[in-house]
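# Tertiary structure, described
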Amino acid sequence: MTNIILSGCNGKMGRTVARLAKSDEHSHIVAGIDVVNEEQDYFPIFTHPSLCDIKGHVIIDFSRPSALDHIIALGKKNNAGIVVATTGLDPHHQTQLLEASKEIPILLSSNMSLGVNLLLELVQKAAHVLSLQYDIEIIEKHHNAKVDSPSGTAFMIADAINAVLKEKKDYVFERASSQKKREPKELGMISMRGGTIVGEHEVIFAGPDEIIEITHKAYSRDIFARGALNAAQFLKDKKPGMYSMNDLIKQ
Ligand SMILES: NC(=O)c1ccc[n+]([C@@H]2O[C@H](COP(=O)([O-])OP(=O)(O)OC[C@H]3O[C@@H](n4cnc5c(N)ncnc54)[C@H](O)[C@@H]3O)[C@@H](O)[C@H]2O)c1
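All values reported here derive from a predicted model rather than from experimental measurement. (Residues numbered from 1 in each chain as written. Predicted model: local features only at pLDDT ≥ 70, side-chain atom pairs only at ≥ 80, totals over all residues. Heavy atoms only, no water.)

### Re the overall build of the protein chain
The number of helices and strands found in the protein chain is seven helices and 12 strands. Against the 2.2 N^0.38 benchmark of 18 Å for 251 residues, the protein chain shows a C-alpha radius of gyration of 19 Å, consistent with a compact globule. Once the C-alpha set of the protein chain is aligned to its principal axes, its extents read approximately 60 × 40 × 30 Å. When burial is assessed residue by residue, the protein chain has 50% of its 251 residues classed as buried. Taking as baseline every contact in the protein chain between residues at least 6 positions apart, the subset at least 24 positions apart corresponds to 67%. A total of about 12800 Å² of accessible surface is found on the protein chain, and carbon and sulfur atoms cover 53% of it. Each charge class in the protein chain was averaged separately, 28 positive and 31 negative side chains, and the resulting centres sit 2 Å apart. (Helix = DSSP H or I, 4+ residues; strand = E, 2+ residues; numbered from the N terminus. Rg over C-alpha atoms; globule rule 2.2 N^0.38 Å. Buried < 20%, exposed > 50% of the residue type's maximum accessible area, 1.4 Å probe, protein only. Contact = heavy atoms within 4.5 Å. Areas by Shrake-Rupley, 256 points an atom, 1.4 Å probe, with all protein chains shown as cover. Lys, Arg positive; Asp, Glu negative; His and termini not counted. Charge placed at Lys NZ, Arg CZ, Asp CG, Glu CD.)

### Considerations on the pattern of salt bridges
Applying the stated criterion to the full structure yields 13 salt bridges. The partner of E137 in a salt bridge is R182, and the shortest N-O contact between them spans 2.8 Å. Taken as a pair, E137 in strand β7 (residues 135-142) and R182 in the loop between β8 (170-172) and β9 (186-193) lie far apart in primary sequence, 45 residues in all. Taken together, the shared-partner salt bridges connect D135, E137, R175, K180, R182 and E186 into one network. (Salt bridge = Lys/Arg side-chain N within 4 Å of Asp/Glu carboxyl O.)

### Digging into the site of the ligand
Around the ligand, 23 residues are found, and the nearest of them are M13, D34, R64, T87 and M112. A distance of 3.0 Å is found between an oxygen atom of the ligand and a backbone nitrogen or oxygen belonging to G11. T87 places a polar side-chain atom, nitrogen or oxygen, 2.6 Å from an oxygen atom of the ligand. Protein chains shield 84% of the accessible area of the ligand, which is 860 Å² for the free molecule. For the shell around the ligand, the per-class residue count stands at eight nonpolar, 10 polar and five charged. (Near = heavy atom within 4 Å. Polar contact = N/O pair within 3.5 Å; in protein donor to acceptor, adjacent residues only side chain to side chain. Nonpolar A, V, L, I, M, F, W, Y, C, P; charged D, E, K, R; others polar.)

### Quick word on the nonpolar core
Formed by 31 residues in total, the largest nonpolar core has its most connected members in V17, I60, F62, V83, L107 and M112. At the level of elements, β1 (2-7), α1 (12-22), β4 (58-61), α6 (222-235) and α7 (245-250) are the ones that each hand at least two residues to this core. Per-element tally for this core: the top contributor is α6, with eight residues. Not counting residues within four places of it along the chain, the set of residues in contact with V83 comprises V58, I59, I60, D61, L107, M112, A228, A231, A232 and L235. With 21 residues, the next largest nonpolar core counts V123, A126, I138 and M189 among its residues. (Core = buried A, V, L, I, M, F, W, Y, C linked by side-chain atoms within 4.5 Å.)

### Considering the environment of M245
Assignment of secondary structure puts M245 in helix α7. A sequence separation of 136 residues divides M245 from S109, and the C-alpha atoms of the two residues are 6.6 Å apart. Aside from chain neighbours lying at most four places away, what touches M245 is L107, S109, N111, M112, N117, G227 and A231.

### A short note on the sheet that holds β1
The strand order across the open sheet formed by seven strands is β3-β2-β1-β4-β5-β6-β12, and the pairing between neighbours is parallel. The open sheet is flanked by β3 (45-46) and β12 (241-243), the only strands paired with a single partner. Bridge count between β4 and strand β5 (residues 81-84): four bridges; the pairing is parallel. What sits directly across from I59, in β5, is I82. The sheet strands contacting α6 are β1, β2 (27-33), β4, β5, β6 (105-108) and β12, and the helix crosses β5 at an angle near 155°. (Pairing = 2+ DSSP bridges. Axes fitted to C-alpha atoms, helices over the stretch in contact; angles between N-to-C directions.)

### Some words on the packing of aromatic side chains
What the rule picks out here adds up to four aromatic pairs. Between F155 and Y171, the aromatic rings sit 6.3 Å apart at their centres with planes inclined by 55°, giving tilted as the arrangement. On the criterion of sequence distance, the pair formed by F155 in helix α5 (residues 152-163) and Y171 in strand β8 is long-range, its members being 16 residues apart. Taking relative accessible area as the criterion, F155 reaches 28% and is therefore assigned partly exposed. With a centroid separation of 5.7 Å and an interplanar angle of 80°, the aromatic rings of F234 and Y243 are classed as edge-to-face. Judged by its relative accessible area of 7%, F234 falls in the buried class. Judged by its relative accessible area of 18%, Y243 is buried. The ring of F234 has K238 sitting right over it, with the charged end atom 4.3 Å from the ring centre. (Phe/Tyr/Trp six-rings, centres within 6.5 Å; stacked < 30°, edge-to-face > 60°. Lys NZ or Arg CZ within 6 Å of the ring centre and 35° of its normal.)

The following block contains the structure:
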């Protein structure tokens, strides 16, 4: 059994994790953390990580980047692993996580779904074969309450593509201000926001006389929540270090 502290427990993802954990015999939410103090039925909620006096094996974080400092401090204090699922982290946060991973195990992923992590491998293969003649663009679509853009997953896909290319691509987020022809070294990322779209990512390889599209569509938040619970179980007895969903999948 993995005892979990759930950060962002009153958000859309937090509530989904809490619901799935209830019927998961391997996971038990022992406490929640959220600035919004709306009671949930089976665990106590603290409005700040420093107030949480309950120990867990692992913290799952689906909140905001601004919470990260205190979540790391709580993880270190309790010697608990952290599954960082919050997106929109900046380079400073990445450095903080790397530093903390010398003391505790950390799994960082902007997308906890099995399907997207498989898509990363597929686009790497396509980029390896096609990149010289094909223009690569990523279109992502999310619900109208999403704050960060492009999505963390769009960056994950772009970084995975760049990881296999000798000539790295430059990310371009909008073209309206420049009004010039597309350069081959560009990798465009386009964000669309509306309604209740859970998350869609389309990777387009547009070449001479053909287009290859690799798409992932999330139909429910359950895929991310299930991935986060699996990640927590994976992290429970791990040594300090940085882990990815790929490590979990390989295991
Ligand atoms: N990695 C993934 O697979 C994945 C999937 C979906 C969403 N996300 C990311 O997870 C995060 C949460 O997504 P969501 O859709 O549940 O958002 P949400 O806005 O519905 O929920 C965020 C919750 O965090 C709480 N919160 C805000 N600041 C906080 C703080 N300082 N300390 C503690 N709690 C705080 C809010 O009150 C809210 O309840 C976002 O960054 C989102 O992009 C990641």
